[in-house]
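Listed below are the residues making up each chain.
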Amino acid sequence: MSDMEARASGAAPVLRNVLVGLLVVIAIVLQLSVAPAFAIRGITPDLALLVVLAVALTRGGQAGMVTGFAAGVLLDLAPPADHTAGRWALALLIVGYVAGRVREGSIAHHSQSRPNAMTVMATVATCAFIGVSIFAVSGLILGEAPLTLLPTVAISVGYDLLLAPLLIPALFWLIGKGDL
């Protein structure tokens with residue numbers, strides 16, 4: 001391997017990680033600044049969750065968990081954080097793991113690099129349900145959340161299912177560009 005090839009192969013993971021980091025930051029900024037204009041009963045779209053899903057479905061469980069934890073910590077600490085730090089970190093870490101397992105299963109059974117559209121939408125619904133449920137139940141346990149779990153989870157899952165066909169293909173394409 002030539003010196004130039006060695007540098008190029010070492011630069012690809014760095015570029016990919018920087019790109020994923022930028023996507024997470026952009027999603028969180030949009031989620032905290034623009035998404036509240038579209039709130040239903042105070043519930044906004046989970047853009048960070050969709051980025052974590054896209055990373056996990058293209059890179060696997062380990063990348064999904066790392067991205068989920070980082071995005072969750074940023075959400076937990078970003079103003080106007082009105083909850084105990086760690087709740088979003090736990091929820092998005094588990095979302096990253098579950099979506100990564102879906103990717104690994106689709107590779108093992110179908111020899112595809114990414115799951116098909118139906119699998120992606122089922123994964124979005126499942127992971128949105130899991131992530132929001134973990135966040136809401138942890139809030140109930142800590143005495144920080146109202147007792148309206150079902151409407152909260154239903155609205156959040158609905159938002160994610162509406163946005164997924166628009167955002168997930170674009171995120172797959174962008175994350176794939178990090179391999180160049």
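The rules behind each value
- Residues numbered from 1 in each chain as written.
- Predicted model: local features only at pLDDT ≥ 70, side-chain atom pairs only at ≥ 80, totals over all residues.
- Heavy atoms only, no water.
- Helix = DSSP H or I, 4+ residues; strand = E, 2+ residues; numbered from the N terminus.
- Buried < 20%, exposed > 50% of the residue type's maximum accessible area, 1.4 Å probe, protein only.
- Contact = heavy atoms within 4.5 Å.
- Axes fitted to C-alpha atoms, helices over the stretch in contact; angles between N-to-C directions.
- Parallel < 35°, antiparallel > 145°, perpendicular 65-115°, else oblique.
- Left-handed = near helix turned anticlockwise from the far one by under 90°.
- pLDDT = per-residue confidence, 0-100.
- UniProt positions renumbered as here; feature names shortened; annotations may be inferred.
- 1 Å grid on protein atoms, 1.4 Å probe; cavity = no way out; pocket = protein on both sides within 12 Å on 5 of 7 lines; lining within 4 Å.
- Points joined across faces, edges and corners; volume = space filled by probe spheres on them.
- Nonpolar A, V, L, I, M, F, W, Y, C, P; charged D, E, K, R; others polar.
- Salt bridge = Lys/Arg side-chain N within 4 Å of Asp/Glu carboxyl O.
- Phe/Tyr/Trp six-rings, centres within 6.5 Å; stacked < 30°, edge-to-face > 60°.
- Lys NZ or Arg CZ within 6 Å of the ring centre and 35° of its normal.

Counting secondary structure elements, the protein chain contains six helices and zero strands. In sequence order, the protein chain lays out its α and β elements as α-α-α-α-α-α. Per-residue burial for the protein chain yields a buried fraction of 40% across its 180 residues. For the protein chain, restricting intrachain contacts to residue pairs at least 6 apart in sequence, the fraction spanning at least 24 positions comes to 72%.

Turning our eyes to something else, we now look at the packing of helix 2 (residues 47-59) against helix 3 (residues 61-77). Across the interface, helix 2 lies against helix 3 with an axial gap of 8 Å and an inter-helix angle of 165 degrees. Overall, the two elements helix 2 and helix 3 adopt an arrangement that is roughly antiparallel. For the pair helix 2 and helix 3, the crossing hand works out as right-handed. Along its contact with helix 2, which presents A48, V52, V55, A56 and R59, the element helix 3 presents A63, G64, T67, G68, A71 and L75.

Taken over all residues, the pLDDT of the protein chain has a mean of 86, while the share at 70 or more is 87%. Considering only residues more than four positions removed or in separate chains, one finds that residues 1-6, a stretch of pLDDT under 50, has two contacts.

Here, the residues flagged by UniProt with the feature "transmembrane region" (unreviewed entry) are residues 20-40, 47-73, 85-100, 120-141 and 153-175. Spanning residues 20-40, this segment combines 67% helix with 0% strand, and its end C-alpha atoms are found 28 Å apart.

It is worth spelling out the layout of surface pockets at this point. For the largest pocket, the calculated volume is near 840 Å³. In this structure, the largest pocket is lined by 28 residues; those nearest its centre are G42, I43, D82, W88 and F135. Broken down by secondary-structure element, the contributors of at least two residues to the lining of the largest pocket are helix 1 (3-33), helix 4 (87-110), helix 5 (117-141) and helix 6 (149-177). Of all the elements, helix 6 adds the most residues to the lining of the largest pocket, at five residues. For the lining of the largest pocket, a count of residues per class yields 16 nonpolar, seven polar and five charged.

This next bit is on the pattern of salt bridges. One pass over the full model with this rule turns up one salt bridge. Residue R101 pairs with E104 through a salt bridge whose shortest N-O separation is 3.2 Å. Here E104 and R101 lie together in helix 4, a separation of three residues that amounts to about one turn. Judged by its relative accessible area of 48%, R101 falls in the partly exposed class. Take E104: its relative accessible area is 35%, and that puts it in the partly exposed class.

Before going further, it helps to spend a moment on the packing of aromatic side chains. Applying the stated criterion to the full structure yields one aromatic pair. Taking the centre distance of 4.2 Å and the plane angle of 15 degrees together, the rings of W88 and F135 count as stacked. Of the two residues, W88 sits in helix 4 while F135 sits in helix 5, which places them 47 residues apart along the sequence. Its relative accessible area of 11% is what places W88 among the buried residues. The class for F135 is buried, based on a relative accessible area of 17%. Above the ring of F135, the side-chain terminus of R87 is found at 3.9 Å from the ring centroid.

Our next topic: unusual backbone geometry. Positive phi is not limited to glycine here, since R41 has a value of about 55 degrees. Of note, R41 is situated in the loop between helix 1 and helix 2.

So, on to the environment of P169. You can see P169 is positioned in helix 6. Taking the C-alpha atoms as reference, P169 lies 10.0 Å from V120; in sequence the two are 49 residues apart.

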